[in-house]
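Now for the letters of each chain:
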Amino acid sequence: MNLLNKKSIFTAMLQDGPFAVGELPPFAHPFSREAKNWVRTLEGNQLLKTKYRAVRSQIFDFLGISNFDEILTLLHDRKLRAKTAERSRILLGNMFGLDSTSHDISRYLHDYARTADDVVNSLRAKVLAPYRSHIETTNEIETTNDPVSLLLIIFDERFHRKARFEAKRKLMLMNLAGSIDQRERETDIETKFSDFLRFLNAHVWSPSLKIGDLEIKYLHSRHRPDDFSCREVTVLSEEQAREVTPKSGEKLTLIKRRRFRSQDREIPIYVTIRKKPPSAKVLKLLRKNEKNPATAVDDELGLMAVLNSVGDVKCFIRHLTRSAVEAGSFMTLEDISDTLTSGHYTSTSMGSSGNTPMLKFFARLGGMRVEFIIHTNRSYLNYIYQRDVAHDEYEVKRIFDTGVADFLFPTDIYRLKMNEIRTAQINLFRKQIEGS
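Residues numbered from 1 in each chain as written. Predicted model: local features only at pLDDT ≥ 70, side-chain atom pairs only at ≥ 80, totals over all residues. Heavy atoms only, no water.

Considerations on the pairing of strand E7 (residues 359–365)
On any regular strand, side chains alternate: one points to one face of the sheet, the next to the other face.
Phase 1: Counting buried residues along E7, five of its seven residues qualify, which places the element largely inside the surrounding structure.
Phase 2: One ladder, built from seven bridges, connects E7 with strand E8 (residues 368–376); its direction is antiparallel. Bridge assignment links Ala363 to a residue of E8, and that residue is Val370.
Phase 3: Between E7 and E8, which follow one another and run antiparallel, lie two residues, and Gly366 among them has a positive phi close to 50°. (Buried < 20%, exposed > 50% of the residue type's maximum accessible area, 1.4 Å probe, protein only. Helix = DSSP H or I, 4+ residues; strand = E, 2+ residues; numbered from the N terminus. Pairing = 2+ DSSP bridges.)

Here's the deal with unusual backbone geometry
Phase 1: Residues other than glycine seldom take positive phi values, yet Asp188 does so here, at roughly 55°.
Phase 2: At Asn289, a position not held by glycine, the phi torsion is positive, near 55°.

Observations regarding the sheet that holds strand E1 (residues 215–223)
Each strand in a sheet pairs with its neighbour through backbone hydrogen bonds, running either in the same direction (parallel) or in the opposite one (antiparallel).
Phase 1: Within the open sheet, the eight strands sit side by side as E2-E1-E3-E4-E5-E8-E7-E6. Their pairing is mixed. Edge positions in the open sheet fall to strand E2 (230–236) and strand E6 (332–338), since each of these has one partner strand only. Between one strand and the next, the sheet's axes are offset by a mean angle of 35°, whatever the strand orientation.
Phase 2: Examined bridge by bridge, strand E5 (residues 301–307) and E8 share six bridges and lie parallel to one another. By the bridge assignment, Gly302 is partnered in E8 with Glu371. (Axes fitted to C-alpha atoms, helices over the stretch in contact; angles between N-to-C directions.)

Thoughts on the packing of helix H4 (residues 78–95) against helix H5 (residues 102–125)
Phase 1: Running from amino to carboxyl end, H4 crosses H5 at an angle of 75°, the nearest separation of the two axes being 9 Å. Put simply, H4 runs roughly perpendicular to H5. For the pair H4 and H5, contact is made by Glu86, Arg89, Ile90, Leu92 and Gly93 and by Ser102, Ile105, Ser106 and Leu109, respectively.
Phase 2: Here the residues of the contact of H4 with H5 are counted per class, giving four nonpolar, three polar and two charged. (Parallel < 35°, antiparallel > 145°, perpendicular 65-115°, else oblique. Contact = heavy atoms within 4.5 Å. Nonpolar A, V, L, I, M, F, W, Y, C, P; charged D, E, K, R; others polar.)

Side note on the pattern of salt bridges
Phase 1: Per the counting criterion, the structure on display carries 30 salt bridges.
Phase 2: The partner of Asp181 in a salt bridge is Arg185, with the nearest N and O atoms 2.9 Å apart. In this pair, Asp181 and Arg185 are both assigned in helix H8 (residues 161–187), four residues apart and thus about one turn of the helix distant.
Phase 3: In this structure Asp181 comes out as buried when scored by relative accessible area, which is 16%.
Phase 4: A salt bridge links Lys275 to Glu190, with the shortest nitrogen-to-oxygen separation between them at 3.3 Å. Note that Lys275 is positioned in strand E4 (residues 265–275) and Glu190 in helix H9 (residues 189–204), a separation of 85 residues in sequence.
Phase 5: Among the residues examined, Lys275 registers a relative accessible area of 23% and is labelled partly exposed.
Phase 6: Its relative accessible area of 47% is what places Glu190 among the partly exposed residues. (Salt bridge = Lys/Arg side-chain N within 4 Å of Asp/Glu carboxyl O.)

Considerations on helix H7 (residues 147–154)
Phase 1: Burial analysis of H7 places seven of its eight residues in the buried class, which makes it a mostly covered element.
Phase 2: Restricting attention to buried positions, one finds in H7 the residues Pro147, Val148, Leu150, Leu151, Leu152, Ile153 and Ile154.
Phase 3: Residues of H7 that are buried make contact with helix H2 (46–63), helix H3 (69–76), H4, H5, helix H6 (139–142) and H8.

What about the nonpolar core?
Phase 1: Membership of the largest hydrophobic core comes to 68 residues, with the highest contact counts inside it found for Leu63, Leu128, Met172, Leu286, Phe407, Leu408 and Phe409.
Phase 2: Those residues in contact with Phe407 that sit more than four places away from it in its chain are Leu3, Leu4, Phe10, Met13, Leu14, Phe165, Met172 and Leu286. (Core = buried A, V, L, I, M, F, W, Y, C linked by side-chain atoms within 4.5 Å.)

As for the packing of aromatic side chains
Phase 1: Counted under the stated rule, the structure contains 14 aromatic pairs.
Phase 2: Between Phe10 and Phe407, the aromatic rings sit 5.7 Å apart at their centres with planes inclined by 65°, giving edge-to-face as the arrangement. Taken together, the residues span a long stretch of sequence, with Phe10 in the segment before helix H1 (33–40) and Phe407 in helix H16 (residues 404–408) at a distance of 397 residues.
Phase 3: Its relative accessible area of 2% is what places Phe10 among the buried residues.
Phase 4: Taking the centre distance of 6.4 Å and the plane angle of 25° together, the rings of Tyr380 and Tyr383 count as stacked. In this pair, Tyr380 and Tyr383 both sit in helix H14 (residues 377–385), three residues apart, roughly one turn of the helix.
Phase 5: Owing to a relative accessible area of 7%, Tyr380 belongs among the buried residues under this scheme.
Phase 6: Ring-pair connections join several aromatic residues into one group, and the members of that group are Phe60, Phe68 and Phe155.
Phase 7: We note Arg107 situated over the ring of Tyr108; from NZ or CZ to the ring centre the distance is 4.9 Å. (Phe/Tyr/Trp six-rings, centres within 6.5 Å; stacked < 30°, edge-to-face > 60°. Lys NZ or Arg CZ within 6 Å of the ring centre and 35° of its normal.)

Considerations on the side chain of Lys397
Phase 1: Structurally, Lys397 is set in helix H15 (residues 391–401).
Phase 2: Judged by its relative accessible area of 11%, Lys397 falls in the buried class.
Phase 3: In this structure the side chain of Lys397 is engaged in a polar contact, spanning 3.4 Å, whose partner is the side chain of Asp388. (Polar contact = N/O pair within 3.5 Å; in protein donor to acceptor, adjacent residues only side chain to side chain.)

A closer look at the environment of Glu140
Phase 1: For Glu140, the location among the structural elements is in helix H6.
Phase 2: Separated by 10 residues in the primary sequence, Glu140 and Leu150 place their C-alpha atoms 9.8 Å from one another.

Laid out in structure tokens, this is it:
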């Protein structure tokens, strides 16, 4: 379901619904024209009525009040507001399973606020970089980390509409960050990540190289003019690469390779190990229109590998399963998708291409479930450079096509035409990719 759909799980954030942030805070008299117009938006929609009652109850319970008029008292009574904030920290700590003091809970909440800011700043840094000034968060909101303060800003007429929307958005993102942190603590992801790295160093990589000792190589590739897919690739040493000046339609790509040993043969492999940062997980929850990390974020641990040939890929898979047994754990491969040699990849992710060749699977071992994405040199270069396949393009498409861009930066507040920006950003990335 699209994030902007009226049945979206994030309905309370939509600017074209009954929870929209207007020019003034929602303090209209129950029998005023504004209130009557608002009620009309709920007529005939029982789901929205139920959601409204739930949101209203959450606000009252969180602030310890019984009606909206009491919010005005909180806005102007500093001591009462501080007491309410202290109470709210305990409530949130218990909700997220934080068995800590109020001071420790504040530290967690500060981390959640930083993750919320990182979500916006990560988009400003890349996908929406040319528009970074347009979507910059209001200073007062970015420096506010207390949930009670953020909630009260939504009802404070001294704040501009944009700032009040950003306060609501930050609260929503903080809630997702808290759910992700709770999930990580429950699954002990940090320990598993360290265990995974130790497994690779002790049992998978060749002992002929020290840990962190990588062989620098370059992929010199020539690309088709119609779609910039790789038609030819050669592996070069550092010395050979210095003699090459890429021409139009050519690329020189650095890879730092490890080695693994298979039947007395040392096989080179480029590996990048991935652990999603919290901000990336929040964005994934938004793209999936989910609030539960357990169902939406299944690739917390990941590894992408690049080998010279399909034959080397097969050797690596066999070496991997044998290494797991050597480490004392059976390994099973789940959800296998193989389009390196044949077949067509059917992606369930909006914005991705079905022309992306790869071997993809989840490996279950040692109490972990790790996502593996395996490429040959050629498929890896297509993953980076090919039109409609390149990962930079995919990043743009999935942010726009899932509705995340419009959701986080609604047109009526930020005055941005996201459809036009989507096209412009894809063209910009294509120009960067295909340039010298």
